[in-house]
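Descriptive structure summary
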2 protein chains.
Amino acid sequence: MSEYTITFIKNEQPKEKPDSDHLPFGKFFTDHMFIQDYSEEKGWHNPRIVPYQPLVIDPAAMIFHYGQTIFEGLKAYRTAEGNVQLFRPDKNMERLNRSNRRMCIPEVDEEFAIDAIKHLLHIDQEWVPSAPGTSLYIRPFIIATEPFLGVRPSKNYQFIVILSPVGAYYESGINPVKIAVENNYVRAVKGGTGEAKTAGNYASSLIAQEVADKEGYAQVLWLDGLEKKYIEEVGSMNVFFKVNGKVITPALNGSILEGVTRNSVIQMLKHWDIPVEERKISMEELYDHYINGELEEAFGSGTAAVISPIGELAWNNEHMIINDGKTGAISSKLYQTLTGIQYGTVKDPFNWVVKVK
Amino acid sequence: MSEYTITFIKNEQPKEKPDSDHLPFGKFFTDHMFIQDYSEEKGWHNPRIVPYQPLVIDPAAMIFHYGQTIFEGLKAYRTAEGNVQLFRPDKNMERLNRSNRRMCIPEVDEEFAIDAIKHLLHIDQEWVPSAPGTSLYIRPFIIATEPFLGVRPSKNYQFIVILSPVGAYYESGINPVKIAVENNYVRAVKGGTGEAKTAGNYASSLIAQEVADKEGYAQVLWLDGLEKKYIEEVGSMNVFFKVNGKVITPALNGSILEGVTRNSVIQMLKHWDIPVEERKISMEELYDHYINGELEEAFGSGTAAVISPIGELAWNNEHMIINDGKTGAISSKLYQTLTGIQYGTVKDPFNWVVKVK
Ligand SMILES: Cc1ncc(COP(=O)(O)O)c(C=O)c1O
Ligand SMILES: Cc1ncc(COP(=O)(O)O)c(C=O)c1O
């Protein structure tokens with residue numbers, strides 16, 4: 001049996017599937033999960049697909065104390081023909097290994113990881129919902145499992161993949177959201193872990209989101225941690241602005257997560273001959289554009305919501321209402337095109353789609 | 001039964017205790033653990049002491065994905081008379097709740113938490129070792145347990161306390177350590193989570209420590225995340241310098257962990273009429289003092305090692321050898337006094353010691 005042979009234990013007590021017309025995000029999980037172990041002696045070994053079940057972990061496992069962990073998020077889509085397909089899974093696995101390197105976690109075999117995900121999807125294929133806007137969210141993650149108190153990399157890990165049938169991330173769908181610019185708290189700083197998809201980044205962001213939420217904002221827009229001047233990203237989205245017919249987005253600077261959707265948006269805009277610039281953008285600059293009537297659209301990009309138009313941006317005491325609080329033409333075209341490619345209704349010029357068997 | 005009644009399930013298969021003359025740090029755990037649950041409806045409830053055992057946690061539990069967690073670290077000491085005592089546990093519980101507030105975790109009842117720890121220590125009292133320099137390390141921690149994918153505070157938590165008999169943190173004991181000043185990576189920044197004792201801070205620090213370790217340094221000295229100019233702290237210690245007869249330490253600035261040992265060192269120095277200043281200290285300033293022959297001692301302070309003299313500080317290409325690489329008089333006196341108080345052999349002028357039972 002090769003190290004790449006995935007053993008399979010079937011779930012003999014499959015769950016009832018939730019109503020796919022009213023799917024919340026991230027609350028239901030499928031019948032099976034993928035697990036693989038890591039030890040210093042054996043490397044990554046014992047890949048297996050087993051019934052979805054609780055993890056049995058020592059309370060001293062390093063994940064609980066020192067947070068050595070990374071994760072990914074991608075989706076499987078049901079096409080009109082009933083097939084199941086993935087969107088750029090290679091990009092997610094590349095990023096998973098980039099995150100691993102930053103967090104001192106041993107890298108995984110990217111191709112094998114994609115195979116494992118396909119295998120798991122094949123087994124739980126009935127869980128891929130077909131109602132409009134729904135999909136099966138895929139959550140690969142790695143946790144440090146060695147029971148040890150002391151700050152150093154763990155000697156043992158588990159790589160796990162779980163699946164969750166999901167509706168739209170924002171209950172309001174493609175409707176524009178209100179976002180508050182965060183001036184107190186910092187998400188990430190150069191030399192920190194902002195580029196990695198690791199748990200601590202999200203834990204540190206909760207307090208700011210809680211404040212924003214109370215004031216009626218869906219998310220916060222993070223500024224750079226050094227000067228609190230330059231725009232970075234939204235909670236779980238990268239961010240774009242259309243200014244005078246040109247689209248601008250913060251350049252990858254070491255503290256921003258490199259979104260797969262961000263990369264796809266940039267490629268698509270170039271394909272459409274719409275000028276797009278990756279560069280530093282200060283809130284002052286953005287505000288000037290706004291005052292001059294040049295800020296035409298704003299939107300976030302991410303796997304969960306794909307494109308999320310921003311209807312209002314609150315900054316100090318300014319309430320910047322963008323495009324009358326409505327979804328802009330570019331935001332809408334990007335949303336239609338990207339989701340169209342994902343669900344197989346629109347031509348895929350870049351071969352982004354990967355079919356699951 | 002009140003919410004404060006701790007139920008107890010005895011471990012009928014106690015483990016063999018490790019040889020207390022060769023105790024590693026954080027590798028052995030006692031026969032019992034404390035657990036308490038939190039839900040929105042019930043608050044903190046069902047406190048219990050049970051046999052030490054693996055946690056059974058859903059793979060979607062938010063701790064694994066978004067890192068909402070905090071921890072503490074303190075010790076129980078065996079006195080010459082055979083009693084067991086704690087050192088300033090109130091300070092640790094205060095800090096636990098400060099960390100909770102930053103991480104959006106519901107606060108615990110500090111007095112009850114100390115009672116629970118005492119109760120657990122009473123049950124596992126035979127695990128408190130008596131060989132010189134040994135103690136029972138106490139690790140309270142809280143983890144987010146709700147199975148949910150999506151970035152918001154969890155609705156469920158577990159508060160857990162585990163115990164580990166430990167020897168000295170540094171195998172070399174009170175011998176001076178070599179520390180490297182970190183110029184690339186950042187541990188924490190104002191507005192981030194540096195003040196909280198939360199897993200992500202430690203995960204983000206691993207990569208720098210790995211580099212330092214390869215070059216023969218025990219730990220890194222972190223500089224401020226903004227300018228990389230001002231001294232913050234060492235991996236799991238606060239840091240002090242004796243310059244021209246005066247002791248200086250970085251002021252608490254929002255990104256430094258407020259150490260219980262740090263606070264005790266400052267009080268003790270004042271008690272001894274040794275001038276001590278909490279303020280910004282740049283590496284340039286420190287280097288100037290060094291060149292002028294004014295840098296007399298350097299040491300770290302933390303629960304694990306108590307006082308850890310710094311014999312060498314590497315900064316860029318400079319190797320600053322401090323006090324000929326030997327333990328200084330103040331470092332030594334602080335170590336003797338603080339450990340003396342902890343083990344009950346030295347008078348406790350501030351009533352820091354809390355007896356168990
Ligand atoms: C912090 C952060 N930024 C940006 C993104 C968008 O990345 P992607 O387009 O790959 O989903 C995400 C979500 O994955 C995120 O968590
Ligand atoms: C980052 C950090 N700084 C400082 C300290 C020292 O704190 P204390 O003296 O309370 O152990 C610790 C250890 O607890 C720590 O983890």
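It should be emphasised that the depicted structure is a prediction, and the values quoted were computed from it without experimental measurement. (Residues numbered from 1 in each chain as written. Chains lettered and ligands numbered in written order. Predicted model: local features only at pLDDT ≥ 70, side-chain atom pairs only at ≥ 80, totals over all residues. Heavy atoms only, no water.)

Structural notes on the interface of chain B and chain A
By a frequent convention, interface size equals the accessible area lost on bringing the separate parts together. We count it as follows: Between two residues, a contact is recorded if the distance between any of their heavy atoms is within 4.5 Å. Each of two parts loses accessible area, computed with a 1.4 Å probe, when they are put together; buried area is these two losses added. The working definition used for a salt bridge is a side-chain nitrogen of Lys or Arg within 4 Å of a carboxyl oxygen of Asp or Glu. Pairs of N or O atoms within 3.5 Å make up the polar contacts considered here, provided that, within protein, one atom can donate a hydrogen while the other can accept it, and that residues adjacent in sequence are counted only when both atoms are side-chain atoms. Only DSSP runs of H or I with at least four residues qualify as helices, and only runs of E with at least two residues qualify as strands; both kinds are numbered from the N terminus onward.
Opposite the 60 residues of chain B that make contact, chain A presents 60 residues. Approximately 4,900 Å² of surface area, both sides summed, lies buried where chain B meets chain A, with 67% of it carried by carbon and sulfur atoms. Along the contact surface separating chain B from chain A lie 0 salt bridges. At the junction of chain B with chain A, the criterion picks out 17 residue pairs in polar contact (both at pLDDT 80 or more). For the side of chain B that touches chain A, the secondary structure elements donating two or more residues are β4 (55-57), α1 (62-66), β5 (69-71), α2 (89-102), β8 (135-144) and α4 (199-214) of chain B.

Here we look at the UniProt feature "modified residue: N6-(pyridoxal phosphate)lysine" (unreviewed entry) in chain A
All names here are of chain A. Defined as follows: UniProt positions are given in the numbering used here, feature names are shortened, and annotations may be inferred rather than shown by experiment. Classification of residues uses two cut-offs on accessible area relative to the type maximum, computed with a 1.4 Å probe and protein chains only: under 20% is buried, over 50% is exposed, and between them is partly exposed.
The UniProt feature table records "modified residue: N6-(pyridoxal phosphate)lysine" (unreviewed entry) at Lys197. Residue Lys197 is classed as buried on the basis of its relative accessible area of 9%. Discounting chain neighbours no more than four positions away, the residues touching Lys197 are Ile70, Phe71, Glu72, Gly73, Arg95, Ser99, Tyr202 and Leu257.

Side note on the pattern of salt bridges
Residue and element names in this part refer to chain A. One pass over the structure, following the stated rule, counts 26 salt bridges over all chains. Linking Arg262 and Glu278 is a salt bridge whose minimum nitrogen-to-oxygen distance equals 2.8 Å. Of the two residues, Arg262 sits in helix α5 (residues 260-271) while Glu278 sits in strand β15 (residues 276-279), which places them 16 residues apart along the sequence. Overall, the relative accessible area of 39% leaves Glu278 in the partly exposed class.

As for the relation of the copies chain B and chain A
Comparison of the two chain copies shows a relationship of rotation about an axis with a shift along it. As a reminder of what qualifies: Here the copies are matched by least squares. The fit uses the C-alpha atoms of residues with pLDDT of at least 70 in both.
Under the fitted operation, chain B is carried onto chain A by 0.0 Å of movement along the axis and a turn of 180°, and the coordinates agree to an RMSD of 0.0 Å. Between the two chains, the operation in question is that of a two-fold axis. A share of 100% of the interface residues of chain B reappears at the interface of chain A, consistent with the copies meeting face to face through the same patch.

Side note on the site of ligand 1
Residues and elements named next belong to chain A. Put simply, the rule reads: Nearness is defined per residue: one heavy atom within 4 Å of the molecule or strand is enough. To be clear on the numbers: accessible area is Shrake-Rupley with a 1.4 Å probe, and residue cover counts the displayed protein chains and nothing else. Under the convention adopted here, Pro, Cys and the residues Ala, Val, Leu, Ile, Met, Phe, Trp and Tyr are nonpolar, Asp, Glu, Lys and Arg are charged, and Gly plus all remaining residues are polar.
Of all residues adjacent to ligand 1, which total 16 residues, the nearest are Tyr202, Glu233, Val260, Thr261 and Thr303. A distance of 2.7 Å separates an oxygen atom of ligand 1 from a polar atom in the backbone of Val260. In the complex, the protein chains occlude 96% of the 380 Å² of accessible area that ligand 1 would expose alone. When contributions to the shell around ligand 1 are tallied by element, the ones reaching two or more residues are α5 and β16 (295-302). Split by residue class, the shell around ligand 1 holds 4 nonpolar, 8 polar and 4 charged.

Side note on helix α2 (residues 89-102) of chain A
Residues and elements named next belong to chain A. Stated precisely, the cut-off is as follows: Here, expected helix span is obtained from the residue count minus one, scaled by 1.5 Å.
Taking 1.5 Å per residue, 14 residues should reach 20 Å; α2 reaches 20 Å between its end C-alpha atoms and fits that length. Of the positions making up α2, those classed as buried are Pro89, Asn92, Met93, Arg95, Leu96, Asn97, Ser99, Asn100 and Arg102. Among the residues trailing α2, Cys104 stands out with phi positive, at a value near 60°.

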